[in-house]
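Chain and residue survey
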Amino acid sequence: MAISNRFLSFYLLIYASSWAQFTDVINSNRPGQSMAAFSVGKTIIQSEMGLETGRESYSNKDYKVGNLGGEIVLRYGAIFEQLEFYGSVNYQKETYTELSTNLDHVSSGIQTAQVGAKFMVYDPMMNYEKKINKYSWKANHKFDWHQFIPAVAVYGGLTINNDANFKRPYAVPQKNTTGLKGMLLTQNQFGRFALITNFGVSNYGVANYESIDYVISLTRGINDRWSILLENQGFNSKVYRNTLFRAGGAYLLAENLQVDAAIASSITNEPAQVIANLGFSWRFDANYNEVMLRIPKEKNNGKGGKDNKDKKNKKDDSKAKVRTDGFESGSGKTK
């Protein structure tokens, strides 16, 4: 099957299958920072890696920071189609410069590590069947309010922060912390657009470091290889508060390989941040057993036969199915 056909079928499979999480092409969280509601699929192993560089400064504090680092994320689907295990490690090398003395302090090491699991609790397309009018293109393309009902997942995990290893002039003394993290994830598919929201708490139970976080991502597929991303991310704790806006894009090299790039900037000077990253995602799916979609059975007429369906009507239904599969005339990568 051509890549374009695989890319197109992504839109159909992501909502048409009953709890099936696997898609024909890789389903990556990059280049954004949000986490999709759908998992990678049972037995799927996926790696998402990136390099980043950034600058940080406060308008009312006499310092600046330059950093270079990388992140690796591992995702694994197991036990159920809708269950995914998640792990990540973020490594940073930073140069902290005191502007008054022009002295540099260099720090390096693992800044954060995270382990957790995600589970989809609600799929709006579960047991939902859209009525198809095989004689009317207009009827099949009318506005569908059902798409506003999101898929919903929950995430829970443990986060290790080595903040004390990286110098900052925070009002609260920095320390290394280990705290719980919980998030509510939603995902809507509007044709070529995917809207993802994450709302949650990080470092739960850790005084001063407990943070209310959110991410809102909008992705649009341009064609069968390119997609673009707009994202808003916010943090709110006694130690650190900031709001970032991010823009980026991804390119599908093959059905299991994607490259991406993004740039983010804060909207305030407390602190002022600019972050650029480049990454790729790779998926191993050789052990995946395809979840077959069930075609609704035709109703019996009560006499052991079918409802006045002859061979011609069966052929018409088959053609209607083909037209249904082609309703999204374009394609693109979403989360």
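These figures come from a predicted structure and were not determined experimentally.

**Thoughts on the confidence of the model for the chain**
Predicted confidence across the chain gives a mean pLDDT of 81, with 75% of residues reaching 70 or more. Residue range residues 1–18 is modelled with pLDDT below 50. Its contacts to residues more than four positions away, or to other chains, number 59 contacts. This stretch, residues 292–334, has a pLDDT under 50; its non-local contacts, to residues over four places away or in other chains, come to 70 contacts.

**Observations concerning the pairing of strand E1 (residues 45–57)**
As paired strands, E1 and strand E2 (residues 63–77) are joined by 13 bridges and run antiparallel to one another. Paired with Arg55 across the two strands is Gly66, which belongs to E2. Linkage of E1 to E2, two consecutive antiparallel strands, is achieved through a turn of five residues. Note: E1 against strand E12 (residues 272–284), 13 bridges, orientation antiparallel. Bridge assignment links Ser47 to a residue of E12, and that residue is Trp282.

**Concerning the side chain of Asn242**
Locating Asn242 in the fold gives a position in strand E10 (residues 241–254). At 3.1 Å, the side chain of Asn242 forms a polar contact with the side chain of Tyr240. Leaving out residues up to four positions away in the same chain, Asn242 has contacts with Gln233, Gly234, Phe235, Ser266, Thr268, Pro271 and Gln273.

**Brief notes about the sheet that holds E2**
Taken together, twelve strands build a closed barrel; the order of strands is E1-E2-E3-E4-E5-E6-E7-E8-E9-E10-E11-E12 and the barrel is antiparallel. In this sheet, adjacent strand axes meet at a mean angle of 20 degrees when their direction is disregarded. For E2 and strand E3 (residues 83–98), the ladder comprises 15 bridges, and the chain directions are antiparallel. Within E3, the position partnered with Lys64 by the bridge is Thr97.

**Some thoughts on the pairing of E12**
On a regular strand, each side chain points to the face opposite its neighbour's, so the side chains alternate between the two faces of the sheet. Burial along E12 is one-sided: the face carrying Gln273, Ile275, Asn277, Gly279, Ser281 and Arg283 is buried and the face carrying Ala272, Val274, Ala276, Leu278, Phe280, Trp282 and Phe284 is not. One ladder, built from nine bridges, connects strand E11 (residues 257–266) with E12; its direction is antiparallel. What sits directly across from Val259, in E12, is Phe280. Here E11 hands over to E12 after five residues, the two strands then running antiparallel side by side.

Criteria and cut-off values
- Residues numbered from 1 in each chain as written.
- Predicted model: local features only at pLDDT ≥ 70, side-chain atom pairs only at ≥ 80, totals over all residues.
- Heavy atoms only, no water.
- pLDDT = per-residue confidence, 0-100.
- Contact = heavy atoms within 4.5 Å.
- Pairing = 2+ DSSP bridges.
- Helix = DSSP H or I, 4+ residues; strand = E, 2+ residues; numbered from the N terminus.
- Polar contact = N/O pair within 3.5 Å; in protein donor to acceptor, adjacent residues only side chain to side chain.
- Axes fitted to C-alpha atoms, helices over the stretch in contact; angles between N-to-C directions.
- Buried < 20%, exposed > 50% of the residue type's maximum accessible area, 1.4 Å probe, protein only.

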